[in-house]
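These are the residues of each chain, in order.
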Amino acid sequence: YKSSVSPEMDIMEYCRKEWRGNTPVAKRMRKGYEAVAQKFASIRRIRGDNYCAFRGTLFQALSQAIQLPRWMQSEDFTMLPENLLSEYDWIKQWQLKQKPGKKMGEISDEIKEYLTLLRKKWKSISEIKSPTEKQEACDKLFKNEEEEYSLYEALKFLMLNTAIELYNADKNGRRVPIFSWLLFARDTSSNPCQLMHNHLNHIGHSGGLEQVEMFLLAYALQYTIQVYRLYKYGTDEFITLYPNDPEEDWPVVILITEDDRHYNIPVRMCQETML
């Protein structure tokens, strides 16, 4: 198996290889990479298969995990599919990742398995003290396709759960983040059932995450996702935070994108130069 996160490469070397021309776009990309290179020395490329936002976020989260997130520790965590299915019958139409010869059948057990795997991997990697060994464990996990795609299925389900919570909170007059209004203001996702059918079911098959779904992922994981958006270099959207008013105690993962579709990972923070 080849890892879906390739080894480190010097960030400016990567940029020179990818953006040679003198078009305005190439010049902007080079400027963007130069700005990122002030903070990070290397880049790790991510396999582009419509899962790259999940892959980058999860890889970063696990690489720096030192404990199991609080919300993952609760007894209810793996009961989520059962509990949701007992209330929302339409979740039975969840599209499991295509498994040859596998009938749709009862999805609850299947998703429970994925959530259990997510918790197990997160726990075991967070308990590794040595940074080198932790990195090796992450690299190994992202070489195992079967496990990797099961983890993305778990992330999608957590996003659905968060969407349902936000939708209900709004209906009951409680305050919800602005992105939640935007999420449900789309014609294609005016409620969680439509969100599942028209968006979540397609992630990884025919599309990746849209901007507003990056917010949903951040909320589901209780992580701040900071993205260098290179094509926005020179504007105030060059560095975008999901959510843009993060909770102070949420850990931060950092991604880099040239077009809001494909994401890579910047690594090796440079030593801050003293002024």
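Reading guide: rules and limits
Residues numbered from 1 in each chain as written. Predicted model: local features only at pLDDT ≥ 70, side-chain atom pairs only at ≥ 80, totals over all residues. Heavy atoms only, no water. Helix = DSSP H or I, 4+ residues; strand = E, 2+ residues; numbered from the N terminus. Buried < 20%, exposed > 50% of the residue type's maximum accessible area, 1.4 Å probe, protein only. Patch = residues over 30% accessible without salt bridge, like charges linked within 9 Å, V, L, I, M, F, W, Y side chains within 5 Å. Areas by Shrake-Rupley, 256 points an atom, 1.4 Å probe, with all protein chains shown as cover. Salt bridge = Lys/Arg side-chain N within 4 Å of Asp/Glu carboxyl O. Pairing = 2+ DSSP bridges. UniProt positions renumbered as here; feature names shortened; annotations may be inferred. Contact = heavy atoms within 4.5 Å.

**Remarks on the environment of V25**
- Note on placement: V25 falls in helix α2 (residues 24-37).
- Assessed through its relative accessible area of 47%, V25 is described here as partly exposed.
- Sequence-wise, V25 and I256 are 231 residues apart; in three dimensions their C-alpha atoms are separated by 16 Å.

**So, a nonpolar patch on the surface**
- On the surface, a nonpolar cluster with roughly 350 Å² of combined accessible area is contributed by I178, W181 and L182.
- You can see L182 is positioned in helix α9 (residues 178-185).

**Side note on the pairing of strand β4 (residues 239-242)**
- Side chains of β4 alternate between two faces, with T240 and Y242 buried and I239 and L241 left unburied.
- Across 4 bridges, strand β3 (residues 224-229) lies against β4 in antiparallel orientation. Its bridge partner lying in β4, Y228 is registered against I239.

**Quick word on the UniProt feature "site: Linear diubiquitin binding" (unreviewed entry) in the protein chain**
- Summarizing the sequence annotation, UniProt attributes the feature "site: Linear diubiquitin binding" (unreviewed entry) to E237 in the numbering used throughout.
- Here E237 lies in the loop between β3 and β4.
- Residues within four places of E237 in sequence aside, it is in contact with R229 and K232.

**As for the pattern of salt bridges**
- Taken as a whole, this structure holds 16 salt bridges when the rule is applied.
- A salt bridge links K92 to D89; the shortest N-O distance between them is 2.8 Å.
- In this structure, K232 and E237 form a salt bridge, with 3.8 Å as the shortest nitrogen-oxygen distance.
- With relative accessibility at 35%, the residue E237 sits in the partly exposed group.
- Each of R229, K232, E237 and D260 takes part in one network of salt bridges that share partners.

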